[in-house]
Amino acid sequence: MEDTTTLFIVLGCIAVVVLQIIMIAKFFQMAADIRNLRNVAFADYQERHTPKWKSDNSPFSEVKVPPYVQGDGDVIFFEDGKQGFIYQEFGTFSFIDNDEIQVFCHSKKEAIRGLYHALSQQKES
């Protein structure tokens, strides 16, 4: 009787140990899957929110910007009286254009040029 009980206890312990090893392996597999999903989602986010042009080839590179002062936060005051906001999110800069569309730029300088261009078009309309 003792031998049978001991045998069942040993087999039960072995089964628990094997199940624990399987659970640990599944946990690490889930962690790797989550890491892959995060990388795919981040790459997709960057692709959707990064402009298709390079900073030196910007559509705003020809815009002549007058001297400006950066006020509190992200408010930009231009010398000719125009003012607007630029935003910094996730390493990129952006501004809202006349059509209420957020335009993303690679650099602060490019965002300021784009903002001034949008404000100039708004004043001319």
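What counts as what
Each chain carries its own residue numbering, running from 1 in the written order of its sequence. Where totals are concerned, whole chains, interfaces and linings use all residues; where local detail is concerned, this predicted model gives features only for residues with pLDDT of at least 70, and gives and counts side-chain atom pairs only at 80 or more. As a rule here, side-chain values come from all non-hydrogen atoms in the structure, and water together with hydrogens is ignored. A helix here means a DSSP run of H or I that spans at least four residues, while a strand means a run of E at least two residues long, and both kinds are numbered starting from the N terminus. Two residues qualify as a contact provided that any one of their heavy atoms is within 4.5 Å of a heavy atom in the partner residue. With residues, only the protein chains shown are counted as cover, and all accessible areas are computed by Shrake-Rupley using a 1.4 Å probe. Aromatic rings from Phe, Tyr and Trp, taking only the six-membered ring of Trp, are treated as a pair when their centres fall within 6.5 Å; an angle between ring planes under 30 degrees marks them as stacked, one over 60 as edge-to-face, and anything in between as tilted. Type-normalised accessible area, obtained with a 1.4 Å probe on protein chains alone, sets the label of each residue: buried when under 20%, exposed when over 50%, and partly exposed for intermediate values. Note on pairing: DSSP must find at least two bridges between two strands before they are called paired. Axis lines are fitted to C-alpha atoms, over the contacting stretch for helices. Their N-to-C directions set the angle, which ranges from 0 to 180 degrees.

Draft legend 1. Examining the overall build of the chain more closely. When its secondary structure is counted, the chain shows two helices and six strands. Shown N-terminal to C-terminal, the secondary structure of the chain runs as helices and strands in the order α-β-β-β-β-β-β-α. Put simply, 44% of the contacts in the chain that link residues at least 6 apart link residues at least 24 apart. Of the roughly 9,600 Å² of accessible surface on the chain, a fraction of 60% belongs to carbon and sulfur atoms.

Draft legend 2. Expanded view of the packing of aromatic side chains. Scanning the entire structure with this criterion turns up one aromatic pair. With a centroid separation of 5.7 Å and an interplanar angle of 70°, the aromatic rings of Phe 27 and Phe 28 are classed as edge-to-face. Using a relative accessible area of 56% as the deciding quantity, one classes Phe 28 as exposed.

Draft legend 3. Focus on the sheet that holds strand β4 (residues 87-89). Taking strand neighbours across the sheet as the criterion, the three strands line up as β4-β5-β6 in an open arrangement whose pairing is antiparallel. On the outer flanks of this sheet lie β4 and β6 (102-105), each paired with one strand and no other. Averaged over all neighbouring strand pairs, the angle between strand axes comes to 35°, with direction disregarded. Of the strand pairs in this sheet, strand β5 (residues 92-96) and β6 are connected by four bridges, and their pairing is antiparallel. Looking across to β6, one finds that Ser 94 is bridged to Phe 104.

Draft legend 4. Structural view of the environment of Gln 46. Tracing the sequence through the fold places Gln 46 in helix α1 (residues 2-49). The spacing of Gln 46 and Thr 92 is 46 residues in sequence and 9.8 Å in space, taken between C-alpha atoms.

Draft legend 5. Just the pairing of strand β2 (residues 75-78), in detail. Across three bridges, the pairing between β2 and strand β3 (residues 83-85) is antiparallel. Bridge pairing in β3 places Ile 76 opposite Gly 84. Taken together, β2 and the strand that follows it, β3, pair antiparallel across an intervening segment of four residues, in which Gly 81 is found at a positive phi of about 95°.

Draft legend 6. The pairing of β5, seen in detail. Extensive coverage of β5 is indicated by the burial of four of its five residues. Relative to β5, β4 runs antiparallel, the two being bridged by three bridges. When the sheet's bridge partners are listed, Gln 88 is paired in β5 with Phe 93.

Draft legend 7. Here's a closer look at the environment of Leu 115. Considering the arrangement of structural elements, one finds Leu 115 in helix α2 (residues 108-124). A sequence separation of 33 residues divides Leu 115 from Lys 82, and the C-alpha atoms of the two residues are 9.8 Å apart. Contact partners of Leu 115, with chain neighbours within four places excluded, come to Ile 76, Phe 78, Gly 84, Phe 85, Ile 86 and Phe 95.

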